[in-house]
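# Examining the three-dimensional arrangement
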Amino acid sequence: MDIQHIASPEAGKDYPSNWNDFLDWFSSEDACSAYLERLRWPNGFVCRNCGVADEPYRSSRSRLMCRSWAYQGTVIAGTIFDKTRTPLRVWLAGAWYVTNQKQGVNALGLQRVLGLGSYQTAWTMLHRFRQAMVRPGRERLKGLVEVDETYVAITDRQAPTTTKKRKSNTDKVLVAIAVEMIEPKGFGRIRLQRIPDDSAASVIPFIQNCVEPDSVLHTDGSAAYRTLKELGYDHQRTVMLGAEQPAHVSMAGVHRVAALLQRWMLGTHHGAVQPTHLDAYLNEFVFRFNRRTSSSRGLLFYRLLQQAMQTAPYTYSDIIESSPKLPDKV
Ligand SMILES: [Zn+2]
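Fair warning: this is a prediction, and the values are worked out from it, not measured in the lab.

## Re the overall build of the protein
Within the protein, the secondary structure is distributed over eleven helices and eight strands. Across the 330 residues of the protein, 34% fall into the buried class. Pairs at least 24 apart in sequence give 60% of the contacts found in the protein among residues at least 6 apart.

## Some thoughts on the environment of Ser215
With respect to the helices and strands, Ser215 occurs in the loop between helix 6 (200–210) and strand 7 (216–220). In this structure Ser215 comes out as buried when scored by C-beta crowding, with 22 C-beta atoms within 10 Å. Each C-alpha atom of the pair Ser215 and Gly143 lies 4.9 Å from the other, and the pair is 72 residues apart in sequence. Filtering out sequence-adjacent residues up to four positions away, Ser215 remains in contact with Leu141, Lys142, Gly143, Val145 and Tyr233.

## Some thoughts on the packing of helix 3 (residues 88–100) against helix 10 (residues 297–308)
Two measures define how a pair of helices packs: the angle their axes make with one another and the distance between the axes. Where helix 3 meets helix 10, the axes come as close as 8 Å, and the angle between the chain directions of the two elements is 130°. As judged from the angle between their axes, helix 3 and helix 10 are oblique. Relative to helix 10, helix 3 is oriented so that their crossing is right-handed. Between helix 3 and helix 10, the residues in contact are Ala95, Trp96, Thr99 and Asn100 and Arg297, Leu300, Phe301, Leu304 and Leu305, respectively. Within the contact of helix 3 with helix 10, the residues separate by chemical class into six nonpolar, two polar and one charged.

## Details of the nonpolar core
Among the nonpolar cores identified, the biggest contains 70 residues, and Leu36, Ile177 and Ala178 are the most heavily contacted of them. Both domain 1 (1–43 + 78–132 + 275–330) and domain 2 (144–273) contribute no fewer than three residues apiece to this core. Excluding its chain neighbours within four sequence positions, the residues that come into contact with Ile177 are Val147, Asp148, Glu149, Thr150, Ile190, Leu192, Val254, Val257 and Ala258.

## Remarks on helix 9 (residues 278–290)
End to end, helix 9 covers 18 Å across 13 residues, agreeing with the expected 18 Å (1.5 Å per residue, within 8%). Of the residues making up helix 9, those classed as buried are Ala280, Tyr281, Leu282, Glu284, Phe285, Val286, Phe287 and Arg288.

## Focus: the packing of helix 3 against helix 4 (residues 107–114)
Contact geometry of helix 3 with helix 4 gives a least axis separation of 11 Å together with a crossing angle of 125°. In terms of orientation, helix 3 lies oblique with respect to helix 4. The crossing of helix 3 and helix 4 is right-handed. Contacts from Val90, Ala93, Gly94 and Tyr97 in helix 3 reach Leu110, Val113 and Leu114 in helix 4. Among the residues making up the contact of helix 3 with helix 4, the classes are represented as six nonpolar, one polar and no charged.

## Considering the pairing of strand 7
The buried fraction of strand 7 amounts to four of the five residues, a majority that puts the element mostly inside the structure. Taken together, the five bridges between strand 7 and strand 8 (residues 234–238) define a ladder with parallel strand orientation. Its bridge partner being in strand 8, Asp220 is matched across the sheet by Thr238.

## Focus: unusual backbone geometry
What is expected of a backbone is that most residues other than glycine have negative phi and most peptide bonds are trans. Here the bond from Glu183 into Pro184 is cis, since omega is 10°, no more than 30 degrees from zero. Structurally, Pro184 is set in the loop between strand 5 (167–181) and strand 6 (187–194). With a phi angle near 60°, Lys83 is a residue other than glycine that sits in the positive phi range. Inspection of the secondary structure puts Lys83 in the loop between strand 3 (72–74) and helix 3. Backbone geometry at Asp214 places phi at a positive 80°, although glycine is not the residue there. The topology assignment puts Asp214 in the loop between helix 6 and strand 7.

## Focus on the confidence of the model for the protein
Within the protein, residue pLDDT values average 87, and 87% of them lie at 70 or more. Looking at the elements of the protein, mean pLDDT is at its lowest for helix 7 (residues 247–250), recorded as 68, and at its highest for helix 3, recorded as 97. Between residues 1–5, whose pLDDT stays under 50, and residues either more than four places distant or in other chains, the model counts two contacts.

## A word on the environment of Met125
Relative to the elements of secondary structure, Met125 occurs in helix 5 (residues 119–131). Measuring from C-alpha to C-alpha, the distance between Met125 and Leu110 comes to 9.1 Å, with 15 residues separating the pair along the chain. Met125 has contacts with Gly94 and Leu110, leaving out every residue within four places of it along the chain.

## Some thoughts on the environment of Met181
Looking at the secondary structure, you find Met181 in strand 5. For Met181, a count of 20 C-beta atoms within 10 Å corresponds to the buried category. Residues Met181 and Val216 lie 35 residues apart in sequence; the distance between their C-alpha atoms is 10.0 Å. For Met181, the contacting residues outside a window of four places in its chain are Leu144, Val145, Glu146, Phe187 and Gly253.

The rules behind each value
- Residues numbered from 1 in each chain as written.
- Predicted model: local features only at pLDDT ≥ 70, side-chain atom pairs only at ≥ 80, totals over all residues.
- Helix = DSSP H or I, 4+ residues; strand = E, 2+ residues; numbered from the N terminus.
- Buried ≥ 20, exposed ≤ 12 C-beta atoms within 10 Å, placed from the backbone.
- Contact = placed C-beta atoms within 7 Å.
- Axes fitted to C-alpha atoms, helices over the stretch in contact; angles between N-to-C directions.
- Parallel < 35°, antiparallel > 145°, perpendicular 65-115°, else oblique.
- Left-handed = near helix turned anticlockwise from the far one by under 90°.
- Nonpolar A, V, L, I, M, F, W, Y, C, P; charged D, E, K, R; others polar.
- Core = buried A, V, L, I, M, F, W, Y, C linked by C-beta atoms within 7 Å.
- Domains from an automatic or database assignment.
- Expected span 1.5 Å × (residues − 1).
- Pairing = 2+ DSSP bridges.
- pLDDT = per-residue confidence, 0-100.

In structure tokens, the structure reads:
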């Protein structure tokens, strides 16, 4: 299903207008489940096993049985909420808080505001939401697009060992940035991705993945971008070395986004992000940035949950698979 094709959602009808509304709407697990069911199947239940689209049998609100009797599952089976032991009310309150805080929230802040028993629960919740912040099949950027790389400073905090005190390593991690430029002034959408180095082998796939061919790409003079014309892009280079204009003037978009990204990392997350998880944080930053002009925070809540219901399960072990360390308190 293409979730783009759902008519524009309205406050008070498709999502709560404010926190009072929220409390009214989501007063029980059944109410939460019914809401998520509507987001998952806006045109009615479709069995994920046999594809039969027919009103399911219900043993309870959250337990649905396909008419062909071949499949029984919950509303949240196969989504990021799959097999959660956290009540849906807490998940929805978490989604509301995460989307209503303009700069987002770190795990400790979320644990406190939701009164969660463990830091790990809050941390995993945030990571599952970040997973849902990338919409599958999203469109590539187009028009005039600035592309550059920037170093982001992050602190990889190791848990204290018995012999040593807590150890912090500050890493500089390279991030590719693409920014749609709106003429005469302003920015459109962005894309970010961690890359291992600034070679053509790293930057060209990033560009092809996130910018439509025929777009006008604006880069610096790096040789890594030399093949862009052959790949169907209109390529404008600004050679920085000895250029009369400083970078924040000649590449205003990427310069601005890099500064905002670094500020967000330091402000909301205190710079403490494990390098293996950086892409998840970049997802969140892009989600927020690309919806920064949204008139309603409630709409972000709706979009996040809508995407969450279309995003495959993402468990604690998936998250830490690439990193054997346990999440550490920020
Ligand atoms: Zn079925």
